[in-house]
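# Per-entry structural report
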Amino acid sequence: MTKIQPPLGGSHRRPDAMAKATGQTRYVGDLALPGMLHAAIAVSDRASARVLNFDVASARRMPGVEAVVTADEIPGDNQVGVIFPDQPLLVTDRVRMVGDRLALVAARTPEEAWDAARAISPAYEDQPGVFDPEKALDETSPTLHGTDNLLHTFQVLRGQTDPDHLDADVIVEAHYEIGGQDHAYLEPQACLAVPEGDRITISASCQCPFYIQQAVARVLAIPLASVRVEQAPTGGAFGGKEDYPSEPAACAAMLAWRTRRPVRLLYSREFDLQVTTKRHAMVVQHRWGADKNGRLVFAEVEAVLDCGAYAGLSTVVAERANVSAIGPYAVPNIMVRTRIAYTNNLFGGAYRGFGAPQVSFAAEATMDTLAHRLGMDPLEFRRINLVTPSDPLTCTDQPLAAPQMAQACLDRAVKDSEEHQIAPRAPDSWRRGRGISLALYGINLHRGGQFLDRSSAVVILQPDASVIVRVGLTEMGQGNLAAVQTVTAAALGIQPDKVQVWQPDTTTVADSGPTVASRGSHSSGRAVLDAIERLRRRLDPIAAELLGCRPEDVELADSCARVSGGGPSVPLIDVTREMAARRIETISTGWYRSKPRVFDEATGMGEPYASYAMACHVVDVAVDPDLGLVRVEHVAAAHDVGRVLHRTAAEGQVEGGVVQAMGWALTEELKLDQGRLLNPSFTDYLIPTSDDAPPVTVALLEDAPGRGPFGSKGLGEPAFIPTAAAIRNAVCAALDVEINRLPLTPPVIVRALAGNHRFKHLME
Amino acid sequence: MDLSVKDIYRPLTFDEAVAAFSDEPSMLPIAGGTDISVQMRAGKFAGAHLLDLSGVLPRSISADGGFIEIGAGATMDEIADSGPLRSVCPALCQAARKVGAWPIQCRATLGGNLANASPAADTAPPLLVADALVVAAGQGGLRNIEAEDFFAGPGENTLKPGELIHSIRLPVTDPPSFSRFTKLGWQREQIISVVSLSISLHLNDQGLVTKAAAALGAVAATPKRAPSVEAVLVGHSLDPAAISRAVEAVQNDITPIDDIRAPAWYRRVAAATLVERMLEEASGA
């Protein structure tokens, strides 16, 4: 429809940058209304217990308290489970995890609200809990819901799948224990609920205002149309604000409904760390075989996700994990089984990569181990086994449109890694290692979530040729405003500063699903292009009149309408003024939905995703061989992005993904004891500091167009997926050890050196 | 979340603070507040009466006879940048620069870091090594407490009820030839020590150690001196054999525990490694 033109691929200032950098952006925590009350939540401090009784009368009498709400006062469904109805908003008789909600408090100050919430302490009868996902699947384990703890099983079965017949010259068996991760967004969970007669407005820090709309309508038993959800400026999300914000929003809405006053709910960092969803911890068992020439013969994967106490999004996370377990390698015989186990741990949810980082970590670690056993260079071993144009099938038998991009990303990252000229930062006495990891990323929602994959846009052309845009997908720091602004400006041939993109609001755009799965710029950009196409059915005839040409010969560029092929032009503003003068409709809606796909859940064969992106990270590390400290010295990241929309935003996605994955790989450890988080603060839950962040050489490869606007592909998640395995492979190469767990904290590394450590006698 | 306190008493002078605290020793003294506010967020000290010392603590760093006197209200940033301290006790300046991030260093006070009595307090090892005196102010005036006698356990010090830290006195008549501080955590900055170490050495013209002092943090219930390390160093040159003896000796000086930051065995390995590296650095210096 439209040619590639500025500002596509450029680095104009992001529209939200100045307000954020100067503190003008008003987050929920900056909002206050007259008469506003503050909410707090009374939660369980134990992971598995019967609630015998609990008394809220004394909390109601505490200073400043205006309302205390328990389950029996909920007008609608006491239910916030996003897929399965297994999670009450407020528990009544049983708690299944630390952080289960008992009651809601509204008070005049936040201190009074949280004091009263903390004072609510039921009589419990502790029940046996289960905290190990593999043990949870034993028949004898205590169950959380129903008769067993197995939530769901997914499989990929390709070629010969009978383990007794899977044999090869070299076989690697490995057991991976992969830890969870907190999202550590800068802004903890936050929302503001304002009741008004029979309707309510929620401002929330979130990734899906529509989920919140549905949850609030369900809990309050009011029509969807009575719930308005505005996307508030959102200080980071990473999946942690996909499904979870429905819960605090339902809490604030309940209290607002009950008190008929505005109610704001802000989580403290400590509370947020303890009660919100996490990246799933996983246990992955591998048995992979290769022939003596280095060709992979089979891959057997047994993965168990620690779901925690409630299903949340675990089934869709597992769905992605299941088909991501092999990576971009051509393997004839595949047996993947992915199971989800309920436990009394914190519950797993969406997190950048959505199950793929854990299984990719295992796959890329096994690739290195296999290469070593074969006596091959891990780089060469990968080259031999990558998907190629002659062997272009994914593990689900889906042909890749651009399989050559796997090799292209590998070559580029290796080249950038070898050529980088960055002085080492760690002492010379540390050991050096290089690690490689690739990712094959299914862009956009899995076929199982495809019913959510639609997107709405509204474009309003102003008389001065500026444009207002609304899309249904959200800005949460990742750059969706910049992406949509860029797409709009490029499609209309105008300057980006003439385009104002506004955050979604459920009263201005239709349900567009969640901003997840690297689908933001893809789905909202496509909807905007659709809106612009419809708008031009009204604009082009006016322009054609002014230009004296046929409407189909009108093109828009350089803020002008012109006759295509270099004919005369008129300023676009003349066209928009003429449209205004003639009272021509200048508002246009747009829509995007993905095409139906075929997928057999029993065998895992088919088209789980519409298209794919490749990525390769090559990491240089230095490791202190005595103390086990790791310094990531350099990361070369090559990504198959199809088309760059906004260059600095894209590079920022990659750099951010690398650093976030580095934290997961090295220092971020959720220390749980009987389901309770022992380190719920940034004092002891250690995310990387800017001083730890490595230099990242980012290569954005534009050789294979994708299905997003102007051929772009999703980038948010592939930016994260390869890093941890590359770090692990680099650390193992530096020390000549095999470590199959995350995070690689210094004690884990020192312990792995065991017999070779100088002070091994001190380790008993 | 905001902090929940009952009231705040803000004296106009240090003497007034001492008098008020003597009358009401249950008050919670607060200076920079960088540690108390974190603990308050975790629910500790709910309903506390705060005694706000921020405007009244002595905070100058001045030479006084054979001592440098550091006011208890001196901030980590002021200590890290102090010219006199850099020349006589660089280890203390290095430690001060490693407490949290720079904004924290601009608020956190030396008195607070000591009174808080964390086993991982970064300024403690250098002060222990320097034979510092903690000057306590109470109803009866000032009294000196040897730094080594100051710490009583995690969060426990030997101040008497109603006493405040007035200042810290560092003897400086005989500055060491070598003075260092180092700390270990999983990150390079903004980290609570998993193990910290300070060593000071006096070396004679022949390179023999005439006086040695070492102290560690986060390896026992309190920051503590390492007498075994000191004993094996004095009278020897810093050759590999001496260093190796010190590396072994430090194990007798520490009683680490498993906690959420690290297992005890790792702290033993780390203490050995840090002692070795610091002495190797000293031997080359």
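Residues numbered from 1 in each chain as written. Chains lettered and ligands numbered in written order. Predicted model: local features only at pLDDT ≥ 70, side-chain atom pairs only at ≥ 80, totals over all residues. Heavy atoms only, no water.

## Structural notes on the overall build of chain A
To be explicit about the condition: Each helix corresponds to a stretch of at least 4 residues labelled H or I by DSSP, and each strand to a stretch of at least 2 residues labelled E; elements are numbered beginning at the N terminus. Here, two residues are considered to be in contact whenever any of their heavy atoms come within 4.5 Å of each other. In this description, accessible areas are obtained by the Shrake-Rupley approach with a 1.4 Å probe, and a residue is regarded as covered only by the protein chains that are shown. Charge convention: Lys and Arg are scored as positive, Asp and Glu as negative, and His as well as the terminal groups of each chain are ignored. The atom standing in for a charge is NZ when the residue is Lys, CZ when it is Arg, CG when it is Asp and CD when it is Glu.
Across its full length, chain A carries 17 helices and 31 strands. Over its C-alpha atoms, taken along the principal directions, chain A stretches across nearly 85 × 70 × 50 Å. Considering only intrachain contacts with a sequence separation of at least 6, the fraction spanning at least 24 residues in chain A is 80%. When the accessible surface of chain A is summed, it comes to about 26,600 Å², and 49% of that surface belongs to carbon and sulfur atoms. Positive and negative side-chain charges of chain A, numbering 73 and 92 respectively, have mean locations separated by a distance of 4 Å.

## Notes on helix α12 (residues 264–284) of chain B
Our working rule: How far a helix is expected to stretch is found by multiplying one less than its residue total by 1.5 Å. The buried label goes to any residue with under 20% of its type's maximum accessible area, the exposed label to any with over 50%, and the partly exposed label to all in between, with areas taken from a 1.4 Å probe on protein chains only.
Its 21 residues give α12(B) an end-to-end C-alpha distance of 31 Å, which sits within 8% of 30 Å, the value for a rise of 1.5 Å per residue. Burial runs high along α12(B): 15 of the 21 residues are buried.

## A closer look at the nonpolar core
Rules: We call a set of buried residues a nonpolar core when its members are Ala, Val, Leu, Ile, Met, Phe, Trp, Tyr or Cys and they connect through side-chain atoms within 4.5 Å of each other. For the domains described, the bounds stem from an automatic or database domain assignment.
Membership of the largest hydrophobic core comes to 183 residues, with the highest contact counts inside it found for Ile200(A) and Ile202(A). Of the residues that make up this core, three or more belong to each of domain 2 (31–127 + 183–275) and domain 3 (282–446 + 600–756) of chain A. Contacts of Ile202(A), omitting those with residues within four sequence positions, involve Cys191(A), Leu192(A), Ala193(A), Ile212(A), Val216(A), Val227(A), Arg228(A), Val229(A), Glu230(A), Ala249(A) and Ala253(A). If you look at the next biggest cluster of nonpolar residues, it comprises 51 residues, including Val56(B), Ala121(B), Leu128(B) and Ile168(B).

## Structural notes on the pattern of salt bridges
Put simply, the test is: The salt bridge definition used is simple: a Lys or Arg side-chain nitrogen within 4 Å of an Asp or Glu carboxyl oxygen.
This model, assessed by the stated rule, comprises 66 salt bridges over all chains. A salt bridge links Glu302(A) to Arg339(A); the shortest N-O distance between them is 3.7 Å. Taken as a pair, Glu302(A) in strand β14 (residues 296–308) and Arg339(A) in strand β15 (residues 333–342) lie far apart in primary sequence, 37 residues in all. Linked by salt bridges that have partners in common, Asp624(A), Asp626(A), Arg758(A), Glu276(B) and Arg277(B) make up one network.

## What to know about the packing of helix α15 (residues 647–666) of chain A against helix α16 (residues 723–735) of chain A
Each pair of packed helices can be summarised by the angle the axes make with each other and by the distance between the axes. Residues and elements named next belong to chain A. The line we're drawing: In this analysis, axes come from line fits to C-alpha atoms, helices being fitted only over the stretch in contact, and the angle between any two N-to-C directions falls in the range 0 to 180 degrees. Angles below 35 degrees are treated as roughly parallel, those above 145 as roughly antiparallel, those between 65 and 115 as roughly perpendicular, and all remaining angles as oblique. Two helices crossing with the near one rotated counterclockwise from the far one by less than a right angle form a left-handed crossing, whereas a clockwise rotation gives a right-handed crossing.
Interhelical geometry of α15 versus α16 gives an angle of 55 degrees and a closest axis separation of 8 Å. Of the possible angle classes, the one that applies to α15 and α16 is oblique. Of the two elements, α15 crosses α16, and the hand of that crossing is right-handed. Between α15 and α16, the residues in contact are Gly 657, Val 658, Ala 661, Met 662, Trp 664, Ala 665 and Leu 666 and Thr 723, Ala 724 and Ile 727, respectively.

## Considering a nonpolar patch on the surface
Residues and elements named next belong to chain A. The criterion, for reference: Grouping into patches uses exposed residues only, defined as over 30% relative accessible area, and leaves out salt-bridged ones; the cut-off is 9 Å for like charges and 5 Å for nonpolar side chains (Val, Leu, Ile, Met, Phe, Trp, Tyr).
Together, Val 82, Ile 83 and Phe 84 line one region of the surface with nonpolar side chains, adding up to about 210 Å² of accessible area. Assignment of secondary structure puts Phe 84 in the loop between β3 (65–69) and β4 (94–95). Accessibility expressed as a relative area gives 31% for Phe 84, which makes it partly exposed.

## So, the domain arrangement of chain B
Size of an interface, as often reported, equals the accessible area lost when the parts are brought together. Residues and elements named next belong to chain B. Quick reminder of the rule: By convention, the term buried area covers the 1.4 Å-probe accessible surface removed from two parts as they join, with the contributions of both added. Polar here means any residue other than Ala, Val, Leu, Ile, Met, Phe, Trp, Tyr, Cys and Pro, which are nonpolar, and Asp, Glu, Lys and Arg, which are charged; Gly is therefore polar.
Domain parsing of chain B yields domain 1 (5–51), domain 2 (61–171) and domain 3 (178–284). Taken together, the 14 residues of domain 1 in the interface contact 14 residues of domain 2. Taking both partners together, domain 1 and domain 2 bury about 1,000 Å²; carbon and sulfur atoms supply 67% of that area. Where domain 1 touches domain 2, the interface holds zero salt bridges. Take the side of domain 1 that touches domain 2: its biggest share by element is six residues, from helix α1 (residues 14–23). By residue class, the composition of the side of domain 1 that touches domain 2 is nine nonpolar, four polar and one charged.

## A closer look at the sheet that holds strand β4 (residues 61–64) of chain B
Residues and elements named next belong to chain B. This is how it is decided: Pairing between strands is defined by DSSP: at least two bridges between them are needed.
Here we have five strands laid out as an open sheet, ordered β4-β5-β10-β6-β7, and antiparallel in their pairing. The strands lining the two open edges of the sheet, one partner per strand, are β4 and β7 (141–146). Adjacent strand axes in the sheet meet at a mean angle of 30 degrees when their direction is disregarded. Looking at chain direction, strand β6 (residues 133–138) and strand β10 (residues 164–171) are connected through five bridges and run antiparallel. Considered in β10, the bridge of Leu 133 is made with Arg 169.

## Section: the environment of Ser118(B)
If you trace the backbone, Ser118(B) turns up in the loop between α7 (110–115) and α8 (124–129). For the pair Ser118(B) and Pro227(B), spaced 109 residues apart in sequence, the C-alpha to C-alpha distance is 21 Å.

## Comments concerning unusual backbone geometry
Residue and element names in this part refer to chain A. Going from Pro 6 to Pro 7, the amide bond is cis rather than trans, its omega being 5 degrees. Its location among the elements puts Pro 7 in the segment before α1 (17–21). Following Leu 742, the chain continues into Pro 743 via a peptide bond in cis, with omega recorded as -5 degrees. Counting through the fold element by element, Pro 743 comes out in the loop between β31 (741–742) and α17 (746–753). Even without a glycine there, the phi angle at Arg 260 is positive, about 55 degrees. Turning to its location among the elements, Arg 260 is positioned in the loop between α6 (246–259) and β12 (263–266). Judged by its relative accessible area of 41%, Arg 260 falls in the partly exposed class. Unlike most non-glycine residues, Phe 710 shows phi in positive territory, near 60 degrees. Turning to its location among the elements, Phe 710 is positioned in the loop between β30 (696–701) and α16.

## Topic: the interface of chain B and chain A
Each partner contributes residues to the interface: chain B has 29 residues there, and chain A has 36 residues. Across the chain B/chain A interface, buried area totals approximately 2,900 Å², and carbon plus sulfur atoms make up 61% of it. For the pair chain B and chain A, the number of links is five salt bridges. Of all the elements in the fold, those that place two or more residues in the side of chain B that touches chain A are α11 (240–253) and α12 of chain B. Element by element, the count of residues in the side of chain B that touches chain A is highest for α12(B), at 10 residues.

## Thoughts on the packing of aromatic side chains
The relative placement of two aromatic rings is captured by the distance of their centres and the angle of their planes. All names here are of chain A. Let me state the cut-off plainly: Think of it this way: a Phe, Tyr or Trp ring, Trp meaning its six-membered ring, pairs with another when their centres are within 6.5 Å, and the plane angle makes it stacked under 30 degrees, edge-to-face over 60, tilted otherwise. In our convention, an over-ring charge means Lys NZ or Arg CZ found within 6 Å of a ring centre and within 35 degrees of that ring's normal.
As enumerated under the stated definition, the model contains 12 aromatic pairs over all chains in all. Seen in terms of ring centroids, Trp 114 and Phe 271 are 4.8 Å apart; in terms of plane orientation they differ by 65 degrees. Their pairing is edge-to-face. With Trp 114 in helix α3 (residues 110–119) and Phe 271 in helix α7 (residues 269–275), this residue pair connects regions lying 157 residues apart in the sequence. Comparing Trp 114 with Phe 271, the two get one shared label, buried. Ring-pair connections join several aromatic residues into one group, and the members of that group are Trp 114, Tyr 244, Tyr 267, Phe 271, Tyr 310 and Phe 347. We note Lys 241 situated over the ring of Tyr 185; from NZ or CZ to the ring centre the distance is 4.4 Å.

## Remarks on the packing of helix α9 (residues 356–374) of chain A against α16(A)
All names here are of chain A. Packing of α9 against α16 brings their axes to within 8 Å, and their N-to-C directions diverge by 30 degrees. Looking at the two axes, α9 sits roughly parallel to α16. In this structure, α9 meets α16 at a crossing whose hand is right-handed. Across the interface between the two elements, Ser 360, Phe 361, Glu 364, Ala 365, Asp 368 and Thr 369 of α9 pack against Ala 724, Ala 725, Arg 728 and Asn 729 of α16.

## Observations concerning the state of the cysteines
Spelled out, the test is: Any cysteine sulfur atom paired with another within 2.5 Å is treated as part of a disulfide.
Scanning the model with the defined rule gives zero disulfides over all chains in all. Of the cysteine sulfurs around Cys307(A), a residue in no disulfide, the closest is that of Cys251(A), at 20 Å. According to the relative accessible area criterion, Cys307(A) is buried, its value standing at 0%. Of the cysteine sulfurs around Cys106(B), a residue in no disulfide, the closest is that of Cys93(B), at 15 Å.

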